Amino acid sequence: MTEHVLSYMVFFPLAGMLIVLCLPRDRHDLIRWVSAAATVPPLLLGIGLYVNFDTTTTGMQFVQRAAWIPAFNIEYYVGVDGLSVSMVLLTALLSFLCIFASWNIDKGVKGYFALFLLLDTGMTGVFVALDFVLFYVFWEVMLLPMYFLIGIWGGPRKEYAAIKFFLYTLLGSVLMLVAILALYFYSEPNTFDMTKLMDRSNLYSTEPLGMWPFNVWGWGFQHVVWMALFIGFAIKIPAFPFHTWLPDAHVEAPTAISVILAGILLKMGTYGILRINYPMLPEATADLAFWFLAALGAWNIVYGGLCAMAQTDMKKLVAYSSVSHMGYVMLGMAAFNTQGINGAVLQMFNHGTITAMLFLLVGVIYDRAHHRDIDGFGGLAGIMPVYAGFTALAFFASMGLPGLSGFVSEVLVLLGAWPKYHALTIIAALGIVITAGYMLWMMQRVYLGPPNEKYRDLPEINGREIFTLFPLGVIVVVVGVYPRVVLDLLQASLNNINQMVISHLS
Amino acid sequence: MDHPVQTDFLRWIVLFPLLGAAVNGLLGARIQDRWGERAVALVACAPVSLSFLFSLWAFGRLLALPAKERFLIDAFYTWIPMGSFSVDVAFWVDPLSAIMILVVSGIGGLIHFYSIGYMHGDRSLWRYFAYLNLFTFSMLLLVTGDNLLLMFVGWEGVGLCSWALIGFWYHDHTNTRAGNKAFIVNRIGDFGFVLGIFLLYWTLAGQGHGTLAFREIQEHVGLLADIQLWGIGVATLVTFLLFIGATGKSAQIPLYVWLPDAMQGPTPVSALIHAATMVTAGVYMIARLNELFSAAPATLGLIAVIGAATALFAATIAVTQNDIKRVLAYSTISQLGYMFLAMGVAAYTAGVFHLLTHAFFKACLFLGSGSIIHAMQGEQDMRQMGGLRKAMPATFWTFTIGVLAIAGTPFLAGFFSKDAILWQAWASHNEVLWGVAVFVAGLTAFYMFRQFFMVFFGECRADHHVRDHLHESPKIMTWPLWILAAGSVVVGYIGLPPFMGANLLDGWLDPVIHLPHGEHHSVAEEVGVMSVSIAAAVAGVAIAWFLYYLRTPSRDDSPEAKGVAYRVLYNKYYVDEVYQFVFVGGTLLLARIGAAFDRYIIDTIVDGSAKVTTIVSWFNGLFDKYVVDMLVNAVANVTFAVGNNFRRVQTGNINSYLYVVVGAVVVALIVKLRYWN
């Protein structure tokens, strides 16, 4: 059983998709319930995974491997360590909740849920794959449904958003594919086995290339591959200046898809960097981390925050807040100490839950008022008090209020970053003021003030919506008060990854 | 002190109010609907009372211990274990935090009870009490947390609660704006505070003692000596950054701007913020880390100057204000300036002493003003008041005691504590700062008596609707006033000047506050210095009596009609306007530039590359259409033509097929035999 647990988690949703495809297209409720049922086993297995996870070892656990394409030494190879297990859990939880957040999709129900389940398989697969080809296949399996989910079920400008998403992502995928092939052909013997590539980290040359401009920068083969991977991942994070697909994609995507997008897809960028760039290209990581992770991360925090402040659309504001909060992840991982890297991955987890709440909350109001204009509301707290309570929790968590989860990860990141980058930490710490600014300002304009007559009769948040928010709210509080529930999972593996790079720091 | 005893009950001092907040926050609406206001009030007041009782218990436990061993700790659990960085959730009570928990739960508790009367009839009483409990919880956490990060949790927590309570009546955007301002200005301070924490931790870690626990910091302060960052001593830099946090929380220049607006909240909340909690946090933090601050004379100098400047600046503004609460708000800032002056001249005990006495008389004054506003049906403009002493005797007498105490009337609480500060300023050879402080003492007496005369004396200037309904507040509001007034009289006697008797407070705080040994001064010098400040106070009272008692203020007295100086003071030196323009405006401008950059630069490039792709594919399309397709079509046409010709072959006649097949085979055979051999 333990051997197959990850495969079950990956392929249960796919099986669910196949069943959904066989159902008659007008049996909407049946389709919904079948889809929900398909996401339950991964969630339960995820809990089992959490309970049985060995927090003391750095190695891969729950490993399963089998030959796939023996001619090229390609395997079906899955497993998790501390880095991926938190992401797998997050994926299982958010996928389950998002089925319920998708309940009132009533156009092309069958197609929507089928694609959603396919997306679920792809996402889980990316986090557990340990063979590069498998990884790439899951990566693409995840992107395609996302394109259609935005392009078909999106808002008024869905085509623009979907194409933009696709263009950016395609660029990233191509660069990533080239990099993976380069890693393959320069390994000896040629292998796609990621664990092997991690072990033999010194294999790739750092000898400066003769070609312009690499000779000027002193970049070797390793740096070029690093950069190709990095751009692919930076688009996902999204790091400045590759971030502009995100606000558009979010604004047009249906609520549940925004949640998945911000909650899980963005994490794949930073996950990829930690899983691939760090252990496989440690010298290049050590050389390039300052500009492309630390400085860019700090810039993301401030720039994303400022852009968020200028938005008038609630979803766009939340989208830009993601740009800002993912900056902490980049900064933290570039600190190369235990506080920084653990803070970074904890921030990935926390951002996944907090931003999911934020998007669900925006979805609640959008379903009722059919717009998201920040200045178009007012006084919602008096009209929908329970809803406002959840909102306050999510907003303050996003602001990093101590006692809630965001604080622990942000403080660890900044604490970790300080000894290495004084100036950048000071810049990044400005984020705590900026975040408070835009979050409170939105709170004030939407939820406080005199109630808007137009929306006096908006119905209070309903049971289904509370069902999607409540578990996330509990996690936000529990992780804030007792962060060890997540930190203990991470530490052994992350310290190991960190150790691989540290020795190459100049 | 080396083997602290684990004392499990300390956590309940902190957790009781949190439980109250949780119950009221989650179920309060239903409790209020079902069982009424009393039930909600009980849920809130009981935990705070329990906290107070437990605090008394802790205080008693400390008293029973020998002076050097007065230290209780409750290590609850490890919060963030992260390599060498490990932070516990642990609560401790030592002589300093013992005073604070008594003040917070005691005066905070009185404010809870007072609120039952003041907030009577509010439909969201449950929400109010939940915030009030949460506020008390945060403040207790701040003072009992055994390390800087846990203190920061409380530090931010009071910021959150002040936001919620200042904007409690959220239907009015004046209130929500004031709440946001409080939170954001505090966050600017917190920005400095967290950086200070980081720098302190890593510097100590570099010396092999990475810690944030107060006891260990005190122990290892010596390690910071001689370490520099950017050419500045680390101790100086750390204390400077922490002090930035203190200027936010304790409303000092330049971050004091939120406090006057904070009176937008219900009046008991103002009392809570201004007296017992929140604003005292900065003073407490410095006292807590006194050894660290003593190691940074440059920072202390800055603190002293900022303190004195704030005291003066706020006092001059208070002189012209007409809003009863606004006068008190500026007086709070001014009094906090005194406390920081004390901290700055390393007279930590005197600062804590003033914190303590101020908590009593300021709570008394604020709650008294609440009682007045209650009677005046919400009116806060002192020009509309007057003659209230007859209608509200309890409020009048308690307010009188408060005014006398803050004005520095000999033998009341404020006199002793303020004089301790003035004396320390003088004794540490800061004559200029002392002079400023004495002048401020005069101003304080002036503006407080101005308020006193305008409110209680003369004819009542309110319109007859209000005048006919003037009434004393209910018992639930007046008995807290009496307790606070009593405190304002007696609390001063724990810190007598040396020539008058034993200073209990000095002795009590001695284990935790390490005062530099000052030179000896003669009693005559002390009495002389004291007389100067008494004279200043008398002068202030006399001018107020002349201007506001003998001459009745007019109802429609307009500040705009006065001179330029008066207008500048009345408009608070236009600092709010400048901040609004420079900082808020500047940030918003940056925000718009960022958003525009995304939209017009980055997206133009992205859309442009998409356009280019489209154009390329259009050319591709042309090529496809006219070249590739032409070839394909040509092939198709040829095929078609050939096929068309060959169609005749397909006659459907089996015989002709056979002929063809046979013929083909024959031809093939011939070809093979003839040419391939």
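Quick caveat: nothing in here was measured; it's all calculated off a predicted structure. (Residues numbered from 1 in each chain as written. Chains lettered and ligands numbered in written order. Predicted model: local features only at pLDDT ≥ 70, side-chain atom pairs only at ≥ 80, totals over all residues.)

### A few points about the overall build of chain A
A tally of helices and strands in chain A yields 20 helices and two strands. Against the globule reference of 23 Å for 506 residues, chain A gives a C-alpha radius of gyration of 22 Å, in line with a compact fold. By principal-axis analysis of the C-alpha atoms, chain A measures approximately 70 × 55 × 45 Å. Burial status across chain A gives 61% buried among its 506 residues. Sequence-distant contacts, at least 24 apart, represent 78% of the contacts inside chain A between residues at least 6 apart. (Helix = DSSP H or I, 4+ residues; strand = E, 2+ residues; numbered from the N terminus. Rg over C-alpha atoms; globule rule 2.2 N^0.38 Å. Buried ≥ 20, exposed ≤ 12 C-beta atoms within 10 Å, placed from the backbone. Contact = placed C-beta atoms within 7 Å.)

### A few points about the interface of chain A and chain B
Chain A puts 43 residues into the contact, and the matching count from chain B is 39 residues. Elements supplying a minimum of two residues to the side of chain A that touches chain B: α6 (158-185), α12 (282-309), α14 (338-369), α15 (380-383), α17 (405-417) and α18 (422-447) of chain A. When residues of the side of chain A that touches chain B are assigned to their parent elements, the largest contribution, eleven residues, is made by α18(A). A class-by-class count of the residues in the side of chain A that touches chain B yields 29 nonpolar, twelve polar and two charged. (Nonpolar A, V, L, I, M, F, W, Y, C, P; charged D, E, K, R; others polar.)

### Some remarks on the sheet that holds strand β3 (residues 85-93) of chain B
Strand pairing in a sheet relies on backbone hydrogen bonds, with the paired strands running either antiparallel or parallel. All names here are of chain B. Sheet architecture is open: three strands sit in the order β1-β2-β3, paired in mixed fashion. The sheet terminates laterally at β1 (5-6) and β3, the two strands that pair on one side only. In terms of strand pairing, β1 meets strand β2 (residues 72-82) through two bridges, oriented parallel. When the sheet's bridge partners are listed, valine 5 is paired in β2 with leucine 72. (Pairing = 2+ DSSP bridges.)

### Quick word on the packing of helix α3 (residues 82-101) of chain A against helix α11 (residues 255-280) of chain A
When two helices pack together, their arrangement is captured by the angle between the axes and the distance separating the axes. Residue and element names in this part refer to chain A. It is the contact of α3 with α11, at a shortest axis distance of 9 Å, that shows an interaxial angle of 170°. Put simply, α3 runs roughly antiparallel to α11. Contacts between α3 and α11 pair Leu83, Met87, Leu90, Thr91, Leu94, Cys98 and Ala101 from the former with Thr255, Ala256, Val259, Ile260, Gly263, Ile264, Lys267, Tyr271, Leu274 and Arg275 from the latter. Grouping the amino acids of the contact of α3 with α11 by side-chain chemistry returns twelve nonpolar, three polar and two charged. (Axes fitted to C-alpha atoms, helices over the stretch in contact; angles between N-to-C directions. Parallel < 35°, antiparallel > 145°, perpendicular 65-115°, else oblique.)

### Topic: the environment of B:Ile421
Residue and element names in this part refer to chain B. Note on placement: isoleucine 421 falls in helix α16 (residues 413-427). Residue classification places isoleucine 421 among the buried residues on the basis of 27 C-beta atoms within 10 Å. For isoleucine 421, the residues in contact, after removing those within four places along its chain, are Tyr338, Leu341, Ala342, Ala347, Ala350, His354 and Ala437.

### Some thoughts on α18(A)
Along its 26 residues, α18(A) runs 38 Å from first to last C-alpha, staying within 8% of the 38 Å computed at 1.5 Å per residue. The sharpest bend along α18(A) reaches about 25° and sits at A:Val433. (Expected span 1.5 Å × (residues − 1). Bend = angle between axes of the 7 residues up to and from the residue.)

### What about the domain arrangement of chain B?
Segmenting chain B into domains produces domain 1 (147-570) and domain 2 (577-661). Here the C-alpha centroids of domain 1 of chain B and domain 2 of chain B sit 72 Å apart. (Domains from an automatic or database assignment.)

### Overview of the packing of helix α13 (residues 324-344) of chain B against helix α14 (residues 348-375) of chain B
Residue and element names in this part refer to chain B. α14 packs onto α13 with a crossing angle of 175° between their chain directions and a minimal axis gap of 9 Å. In terms of orientation, α13 and α14 fall into the roughly antiparallel class. Here Ile324, Lys325, Leu328, Thr332, Gln335, Tyr338, Met339, Ala342 and Met343 of α13 come into contact with α14, specifically with Tyr348, Ala350, Gly351, His354, Leu355, His358, Lys362, Leu365, Phe366, Ser369 and Ile372. The residue makeup of the contact of α13 with α14, split by class, is twelve nonpolar, six polar and two charged.

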